[in-house]
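# Report on the structure
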Amino acid sequence: MGDPRRLKKRYETPSHPWEEERIKRENELMRKYGLKNKREIWKAETILRKYRTRARKLLAKAGSEDPVYKREVQQLLNHLIRMNLIKPGAGLDDCLALTVEDILKRRLQTLVYLKGLASSPHQARQLVVHGHIAIRGRRVTIPGYLVRADEDNEIDYAPTSPLADPSHPARPPADILSRTRVTAEEE
């Protein structure tokens, strides 16, 4: 059966370890999204690969009147809409147009930063790992958690966190965009 403490790998490593272009692209993504290591990029690539493989297999059967085919297409599209990766009314071609960045944008760490709850992607990761972030009042401590569309507006500080107090000194300003506009106008 296998050791229960050793879960199976949830990602596929690159076929060639020393491709300069891939390494540069991965380093840029790590900096942009504040990732801990390249394994997080490989996990996102594996998730994307599974979606695209499933979409290609379904596109190969396009035009079929089989009810199983139609149900599978609808399930895939509904799942991607629920994850807010594609817009409602999109087709299988839009599934093939997804990129790794689309998956990385749905991570809890990224959304915490974009909502202004943290001042940097690295701080967002730290807040999530330390249990300061909650979705619907329930703490989530996994920075790679893929947030569903219905959970987008529910991301906030955990009720038990000291950061829930608006006057906490470590809490970033509520609106980062307005802060940059004010400094631009002052110059």
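Anything mentioned here points back to the structure above.
Structural notes, computed from the coordinates. All figures in this text were calculated on a predicted structure; none of them were measured in a lab.

Where helix α2 (residues 38-60) meets helix α3 (residues 67-82), the closest approach of the two axes is 10 Å, and the angle between their N-to-C directions is 150°. The orientation of α2 with respect to α3, classified from their angle, is roughly antiparallel. Crossing hand, α2 versus α3: left-handed. Together, Tyr51, Arg54, Ala55 and Leu58 of α2 and Tyr69, Glu72, Val73, Gln75, Leu76, His79 and Leu80 of α3 make up the contact between the two elements. Its residues placed into classes, the contact of α2 with α3 shows seven nonpolar, two polar and two charged.

Going through the model one piece at a time under the given rule, you end up with 12 salt bridges. We note a salt bridge from Arg22 to Glu26, for which the minimum N-O separation is 2.9 Å. Taken as a pair, Arg22 and Glu26 lie in helix α1 (residues 20-33) at a separation of four residues, close to a single helical turn. The pair Arg22 / Glu26 is uniform in exposure class, with both members buried. We note a salt bridge from Arg107 to Glu40, for which the minimum N-O separation is 3.6 Å. Taken as a pair, Arg107 in the loop between α5 (100-104) and α6 (108-114) and Glu40 in helix α2 lie far apart in primary sequence, 67 residues in all. The pair formed by Arg107 and Glu40 is uniform in burial state, with each residue classed as buried. Through salt bridges with shared partners, a single ionic network connects Arg136, Arg148, Asp150 and Glu151.

For Gln123, the position within the fold is in helix α7 (residues 121-129). Among all residues touching Gln123, those that are not within four sequence positions of it are Ala118 and Ala170.

The next subject is the sheet that holds strand β1 (residues 133-135). Within the open sheet, the three strands sit side by side as β2-β1-β3. Their pairing is antiparallel. Looking at which strands have only one partner, the edges of the open sheet turn out to be β2 (138-139) and β3 (155-157).

This part covers the environment of Lys38. One can find Lys38 in helix α2. Between the C-alpha atoms of Lys38 and Arg10, which are 28 residues apart in sequence, the distance is 13 Å. Ignoring any residue separated from it by four or fewer positions in sequence, one finds Lys38 in contact with Ile23, Glu26, Asn27 and Met30.

Scanning the entire structure with this criterion turns up one aromatic pair. Just above the ring of Tyr11 sits the side chain of Lys9; from NZ or CZ to the centre is 5.4 Å.

A cluster of basic residues, Lys8, Arg10, Lys36, Arg39, Lys43 and Lys50, forms a positive patch on the protein surface. Along the chain, the position of Arg10 falls in the segment before α1. Since its relative accessible area comes to 64%, Arg10 is described here as exposed.

Within α7, the full set of buried residues consists of Pro121, Gln123, Ala124, Arg125, Leu127 and Val128. Among the structural elements, α1, α2, α6, β1 and β3 are those in contact with the buried residues of α7. One or two positions beyond α7, positive phi appears at Gly131, with a value near 85°.

About the thresholds
- Residues numbered from 1 in each chain as written.
- Predicted model: local features only at pLDDT ≥ 70, side-chain atom pairs only at ≥ 80, totals over all residues.
- Heavy atoms only, no water.
- Axes fitted to C-alpha atoms, helices over the stretch in contact; angles between N-to-C directions.
- Helix = DSSP H or I, 4+ residues; strand = E, 2+ residues; numbered from the N terminus.
- Parallel < 35°, antiparallel > 145°, perpendicular 65-115°, else oblique.
- Left-handed = near helix turned anticlockwise from the far one by under 90°.
- Contact = heavy atoms within 4.5 Å.
- Nonpolar A, V, L, I, M, F, W, Y, C, P; charged D, E, K, R; others polar.
- Salt bridge = Lys/Arg side-chain N within 4 Å of Asp/Glu carboxyl O.
- Buried < 20%, exposed > 50% of the residue type's maximum accessible area, 1.4 Å probe, protein only.
- Pairing = 2+ DSSP bridges.
- Phe/Tyr/Trp six-rings, centres within 6.5 Å; stacked < 30°, edge-to-face > 60°.
- Lys NZ or Arg CZ within 6 Å of the ring centre and 35° of its normal.
- Patch = residues over 30% accessible without salt bridge, like charges linked within 9 Å, V, L, I, M, F, W, Y side chains within 5 Å.
- Areas by Shrake-Rupley, 256 points an atom, 1.4 Å probe, with all protein chains shown as cover.
- Lys, Arg positive; Asp, Glu negative; His and termini not counted.
- Charge placed at Lys NZ, Arg CZ, Asp CG, Glu CD.

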